[in-house]
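Now for the letters of each chain:
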2 protein chains.
Amino acid sequence: MDKSVKEFLDNVAAKTPTPGGGSVAALSAAISCSLAEMVCNLTIGKKKYADVEEEMKKMAAKMAKARQQFLQLVEEDAKAFDEVMKAYKEGGDAQAALKKAASVPYETASQCISIMDDLFVIAEKGNKNSITDAGVAALMAKAAFHSALLNVKINLKYIEDEQYKQEMEKEMKEMIENMEEKFNKVMEIVEKWL
Amino acid sequence: MDKSVKEFLDNVAAKTPTPGGGSVAALSAAISCSLAEMVCNLTIGKKKYADVEEEMKKMAAKMAKARQQFLQLVEEDAKAFDEVMKAYKEGGDAQAALKKAASVPYETASQCISIMDDLFVIAEKGNKNSITDAGVAALMAKAAFHSALLNVKINLKYIEDEQYKQEMEKEMKEMIENMEEKFNKVMEIVEKWL
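Since the structure is predicted, the reported quantities are computational estimates derived from the model, not experimental observations. (Residues numbered from 1 in each chain as written. Chains lettered and ligands numbered in written order. Predicted model: local features only at pLDDT ≥ 70, side-chain atom pairs only at ≥ 80, totals over all residues. Heavy atoms only, no water.)

**Notes on the overall build of chain A**
Operational definition: Only DSSP runs of H or I with at least four residues qualify as helices, and only runs of E with at least two residues qualify as strands; both kinds are numbered from the N terminus onward. For the radius of gyration, the atom set is restricted to C-alpha positions; the globular benchmark scales as 2.2 Å times the number of residues to the power 0.38. Partly exposed residues are those whose accessible area sits between 20% and 50% of the maximum for their type, while under 20% is buried and over 50% is exposed, using a 1.4 Å probe and protein chains only. The Shrake-Rupley method, run with a 1.4 Å probe sphere, supplies the accessible areas, and residue values consider only the shown protein chains as cover. A positive count includes Lys and Arg, and a negative count includes Asp and Glu. His and the chain ends are not counted in either. Positions of charges follow a simple convention, taking NZ of Lys, CZ of Arg, CG of Asp or CD of Glu.
The helix and strand inventory of chain A stands at 6 helices and 0 strands. Each helix and strand of chain A, ordered N terminal to C terminal, gives the series α-α-α-α-α-α. Whereas a compact globule of 194 residues would reach a radius of gyration of roughly 16 Å, chain A reaches 18 Å, a difference of no more than 12%. For chain A, with 194 residues in total, the buried portion stands at 58%. Of the accessible surface of chain A, which amounts to about 8,700 Å², a share of 50% is contributed by carbon and sulfur atoms. Chain A carries 27 positive and 32 negative side-chain charges, and their two centres are separated by 4 Å.

Here it is in structure tokens:
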């Protein structure tokens, strides 16, 4: 993440599978948090929004922390994928590596649902001049969520533990409904101000 | 774009409206192109995909070029917004500035539709080991598209030229249907391989 944006995109585009879609999912979530934090920062210190000042300060700090966690998941996703490749090549425990590689994007997806609750508060109470930024944050978190789930699913495809697979699939189904509902609530507020 | 990823996200999060949602929309599209190029690069040189080698080479070059165009739109969006603010403050031609500020994300959105056609070809003919990356590319392009449209709409809100507004709104409606159809076609292929 200390690389330039250009260099990071070059690395994504390169003829190596990492960083790939799993890392992009987590990065998209980190971008969402940055925009959400911006909306908080553009609310703090404004007379019109004095009533929500303390809440926005807390939310800004929360988004900054979440961004750092997502940036860690960018790196972890690439590592987990590389471990799967290594296990297959060197005859290591590929099943354990696959479960780890499924768990990283699963974590990204779970955190995106939590972010959507925060985005609801920020869209509802934050500076209305930045309402589209709250909307873009919601779109980026939703894309991050579905991108992460694609990466969970592709790992599940090769996992042999049927019970684990069934539990994950059941949880993902609930998560998708949950995300849809929370996302729509944020966008309803955004649309009202357009 | 020569800034580090961390620094760019710090700039987004900061107490200034730019770079904001419009820039993030274009960045998300640039990320989509990078992933699409990766899928092409992971297809080129593989015996199994020799039949599509030439097509994938062309597509990789096309995605690399599109990425550069989106990265320019990241900068242009911030500039166009700053020009609107300047026009209001200094009594300049705010209406012209608003039209320019609407036209930049409109361009981003249009280009995202074109990218979705390329993603269909890449998902259908590219390396199936990278099918989720094609899916994530589609999700990022779709998020970029809708993010850009939010930024078109917020500028339209302040534009007084009713004919311009009506034309833009009509075109956006068609674009949304177009995007939905193209996106679903890409995801159908992706889901088949999960």
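**Observations regarding helix α3 (residues 53–90) of chain B**
Applicable threshold: To estimate the expected span of a helix, count its residues, drop one, and scale the result by 1.5 Å.
Taking 1.5 Å of rise per residue, 38 residues should cover 56 Å, and α3 of chain B covers 55 Å from first to last C-alpha, within 8% of that figure. Phi turns positive one or two residues past the end of α3 of chain B, at Gly 91 of chain B, with a value near 70 degrees.

**Focus: the environment of Met 187 of chain B**
Worth spelling out the cut-off: By definition in these notes, contact holds between two residues if any of their heavy atoms fall within 4.5 Å.
As for its placement among the helices and strands, Met 187 of chain B is situated in helix α6 (residues 162–192). Its relative accessible area of 11% is what places Met 187 of chain B among the buried residues. As for Met 187 of chain B and Gly 135 of chain B, which are separated by 52 residues in sequence, their C-alpha atoms are 6.3 Å apart. When near neighbours in sequence (up to four residues on either side) are disregarded, Met 187 of chain B contacts Leu 150 of chain A together with Gly 135, Ala 138 and Leu 139 of chain B.

**Overview of the side chain of Asp 118 of chain B**
With respect to the helices, strands and loops of the structure, Asp 118 of chain B is situated in helix α4 (residues 94–125). In this view, Asp 118 of chain B contacts Met 59, Lys 62 and Met 63 of chain B; residues no more than four positions away in its chain are not counted.

**Describing a negative patch on the surface**
In plain terms, the rule: Here a patch means residues that are over 30% exposed by relative accessible area and free of salt bridges, tied together within 9 Å if like-charged and within 5 Å if nonpolar (Val, Leu, Ile, Met, Phe, Trp, Tyr). One speaks of a salt bridge when a side-chain nitrogen belonging to Lys or Arg is within 4 Å of a carboxyl oxygen belonging to Asp or Glu.
A cluster of like negative charges, contributed by Glu 167, Glu 171, Glu 174, Glu 177 and Glu 181 of chain A, occupies part of the molecular surface. Mapped onto the fold, Glu 177 of chain A is located in helix α6 (residues 162–192).

**Describing the interface of chain A and chain B**
Quite often, the size of an interface is put as the accessible area lost when its parts meet. Heads up, the rule is: Buried area adds together the accessible area that both of two parts lose upon being put together, with accessible area traced by a 1.4 Å probe. The term polar contact refers here to a pair of N or O atoms within 3.5 Å; inside protein, the definition further demands a hydrogen-donor-capable atom paired with an acceptor-capable atom, and it admits residues adjacent in sequence only when both atoms are side-chain atoms. Under this grouping Gly is polar, as are all residues other than the nonpolar Ala, Val, Leu, Ile, Met, Phe, Trp, Tyr, Cys and Pro and the charged Asp, Glu, Lys and Arg.
Listed by partner, the interface residues are 52 residues for chain A and 52 residues for chain B. Summing both partners gives a buried area of about 4,400 Å² for chain A against chain B, and 70% of it is carried by carbon and sulfur. Broken down residue by residue, the surface that chain A buries against chain B is led by Val 5, Leu 9 and Leu 150 of chain A, which jointly contribute 14%. Counting every contact that joins chain A to chain B gives 4 salt bridges. Asp 2 of chain B is paired through a salt bridge with Lys 6 of chain A; the nearest N and O atoms lie 3.7 Å apart. Linking chain A to chain B there are 16 residue pairs in polar contact (both at pLDDT 80 or more). Secondary-structure elements contributing two or more residues to the side of chain A that touches chain B are α1 (5–13), α2 (21–41), α3 (53–90), α5 (131–156) and α6 of chain A. Among the elements that line the side of chain A that touches chain B, the one with the most residues is α5 of chain A, at 14 residues. Each residue belonging to the side of chain A that touches chain B can be placed in one class, and the counts come to 29 nonpolar, 12 polar and 11 charged.

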